[in-house]
Structure formats: C-alpha cells, structure tokens
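Commentary on secondary and tertiary structure
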Amino acid sequence: MNFAGKVVLITGASSGIGAATAKQFAGLGANLALAGRNLDNLKEVASQCNSPSNKPLLLTGELTNEKDTEDILQKTISHYGRLDVLVNNAGILETGSIETTNLQQYDRLMNTNVRSIYHLTTLAVPHLIKTKGNVVNVSSVNGIRAFPGVLAYCMSKAAVDHFTRCAALDLASKQVRVNAVNPGVTITNLHKRGGMNQEQYEAFIRKSQETHALGRPGKPEEVAKTIVFLASDDASFITGATLPVDGGRHAMCPR
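Here's a quick rundown of the structure. (Residues numbered from 1 in each chain as written. Predicted model: local features only at pLDDT ≥ 70, side-chain atom pairs only at ≥ 80, totals over all residues. Heavy atoms only, no water.)

Thoughts on the sheet that holds strand β3 (residues 57-60)
Across the sheet, which stays open at both edges, the 7 strands sit in the order β3-β2-β1-β4-β5-β6-β7 with parallel pairing between neighbours. Edge strands, defined here as strands with exactly one partner in the open sheet, are β3 and β7 (242-245). When strand polarity is set aside, the average angle formed by the axes of neighbouring strands in this sheet is 15°. As paired strands, strand β6 (residues 177-183) and β7 are joined by 4 bridges and run parallel to one another. Note that in β7 the partner of alanine 180 across the bridge is threonine 242. Of the strands in this sheet, β4 (85-88), β5 (134-138), β6 and β7 are in contact with helix α8 (residues 220-231), which crosses β6 at around 165°. (Pairing = 2+ DSSP bridges. Helix = DSSP H or I, 4+ residues; strand = E, 2+ residues; numbered from the N terminus. Axes fitted to C-alpha atoms, helices over the stretch in contact; angles between N-to-C directions. Contact = heavy atoms within 4.5 Å.)

So this is what it looks like as structure tokens:
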C-alpha cells in the first residue's frame, strides 16, 4: 500500500485511533492534514509521524461548529491542492439509558458523531470526485449491535453505518468509495472521557476478555491498519461496507 503524493485528512487525530491512523498513513508516504481540538496533542502526534517528505498540516477546531468545519476542509485544500482520503474519526461517547438520557445528551452525541460527519463529507465530496478518492468513517460495534446503557451513542453509530451505505451508493458512479470500520472495545481514552473513572475503566477492560470472542480488547493500531487498507487501492472493489474490527464481539450471543 502506497500513499505517496496522496492527501489524507483525519479528524480526531490528536489521540487514540485517529493518532494511530495518522502514523500508519505517514509511514506509507501520505501527506497528512490532522484535525483535532488540542494543538499540543496534535503536535505530539505529528512528531511521531515518520513521513519521508512533508510535515503534517495541523488544524484545530470544533467539528460541531460549521465555520470550523469549513475552515478545516478549506485549509487542507489551500495547503495541498487536493484531497484523496477523508477519515471521519472524531467522536464522543456518553452513557445513558432510556430512563436516564435527555435531549441535551442526544443532541451532543448526534451533533458530534453524525451531523459533523455529514457536514464535512458533503464539503469534501467535490474534491474526492476529482481524485476518485474515498471516505472511511469510524463507527462502532454499537452501530451493529444494541447494548444497554448507551442509547444515544448506539443510535449515533447506527446512523453512521447507514450514512456510509447511502453515501457509497450516491458516489459509486463517480468512483468514490465510502466505507466504515466498526471497532469493539479499543484501548483509548474514549471511555474515560465518557465518564468512567480509573477503577471503572479497569473493570471494563477486564470484562472485555469475556465480551470479545478473541478474549481481549483491541489496540488502536489494529483499527488503524484496517482503515488504511480500506483507503488503499487494495480495497478498490469495496464500497458501502461496515467492517467489524472487534475481536468477534458483533457475532456473539449470550447462551
């Protein structure tokens, strides 16, 4: 897989799966535009991107802010002159059941996890058509299977999956592919940012040994390598796919 000369825009690139994905693309020669909310974290990720040619372009902004989203896309095009791959990775997680959730939580999850992807992708499409590029969305096993206690999050990821399929069909005639990865529990800061304390998180990770068929949680690099594959020419006949990277969790049923 070779991305020399290709431009890759990754959102949520300052940590976790986004950071791991940036490093994978950099190692394959891609020109990177890394978007996130924390400039210091983006600089740290950029310092670890062993790109043989260019330093990554670092872009800060809040994707729920329409102007920030427009600026992220426009600055990428102004800097590089093209866009070949869009990785919609930015997202948040919050716990809440049908009894404990509220409209504010629903709006936060849907605005960050769905509306921002919808907006940025629509802005990117004209540029992706020019390059016959592609989109990879980062969804979740929660988009495939229902889990208690994360209602709005599950709904948001199910929406990402269907957005992936619909956009893939809309763009197929233009030779622009759209796919998604559906990670299981992955060792990142997502769950802590979603409200878990250290003790709860450690118990959650231990529980993952039972809830994933392969007996462990995933690593960001495992998801990143799948994203890079889907974005590469090796996946040239794959579009509209939502690919679990979840240690078999999507296939499990309690007995």
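Read on, since the account is not over.
Some details on unusual backbone geometry
You will see that lysine 132, though not glycine, has its phi angle at about 50°, which is positive. Structurally, lysine 132 is set in the loop between α4 (103-131) and β5. A relative accessible area of 58% means that lysine 132 is categorised as exposed. Phi at glutamine 175 takes a positive value of approximately 65°, unusual for a residue other than glycine. Tracing the sequence through the fold places glutamine 175 in the loop between α5 (151-171) and β6. Judged by relative accessible area, glutamine 175 falls into the partly exposed class, the value being 48%. (Buried < 20%, exposed > 50% of the residue type's maximum accessible area, 1.4 Å probe, protein only.)

Some words on the packing of helix α1 (residues 16-27) against α8
Two numbers describe how α1 lies on α8: the axes approach to 8 Å, and their chain directions differ by 55°. Between α1 and α8, the crossing angle belongs to the class labelled oblique. Seen along the crossing, α1 lies across α8 with a hand that is right-handed. Contact residues: α1 offers Gly16, Ile17, Ala20, Thr21, Gln24 and Phe25, while α8 offers Pro220, Glu221, Val223, Ala224, Lys225, Ile227, Val228 and Ala231. Its residues assigned to classes, the contact of α1 with α8 shows 9 nonpolar, 3 polar and 2 charged. (Parallel < 35°, antiparallel > 145°, perpendicular 65-115°, else oblique. Left-handed = near helix turned anticlockwise from the far one by under 90°. Nonpolar A, V, L, I, M, F, W, Y, C, P; charged D, E, K, R; others polar.)

Some details on the pairing of β4
Here β4 shows no split at all, with Val85 and Val87 on one side and Leu86 and Asn88 on the other all buried. Taken together, the 3 bridges between strand β1 (residues 7-10) and β4 define a ladder with parallel strand orientation. Within the sheet, the bridge partner assigned to leucine 9 lies in β4 and is leucine 86. By the bridge criterion, 4 bridges tie β4 to β5 in an arrangement that is parallel. Pairing of valine 87 across the sheet is with valine 136, part of β5. The handedness of the β4 to β5 crossover, carried by α4, is right-handed. (Right-handed = clockwise from strand over helix to strand, strands pointing away.)

Some remarks on the pattern of salt bridges
This structure, assessed with the given rule, holds 8 salt bridges. Residue arginine 37 is joined to glutamate 62 by a salt bridge in which the shortest nitrogen-to-oxygen separation is 3.2 Å. In this pair, arginine 37 is assigned in the loop between β2 (31-36) and α2 (39-47) and glutamate 62 in the loop between β3 and α3 (66-80), connecting sequence segments 25 residues apart. Looking at arginine 37, the relative accessible area reads 59%, which means it is exposed. Assessed through its relative accessible area of 25%, glutamate 62 is described here as partly exposed. (Salt bridge = Lys/Arg side-chain N within 4 Å of Asp/Glu carboxyl O.)

Read these as spatial facts, not as claims about activity.
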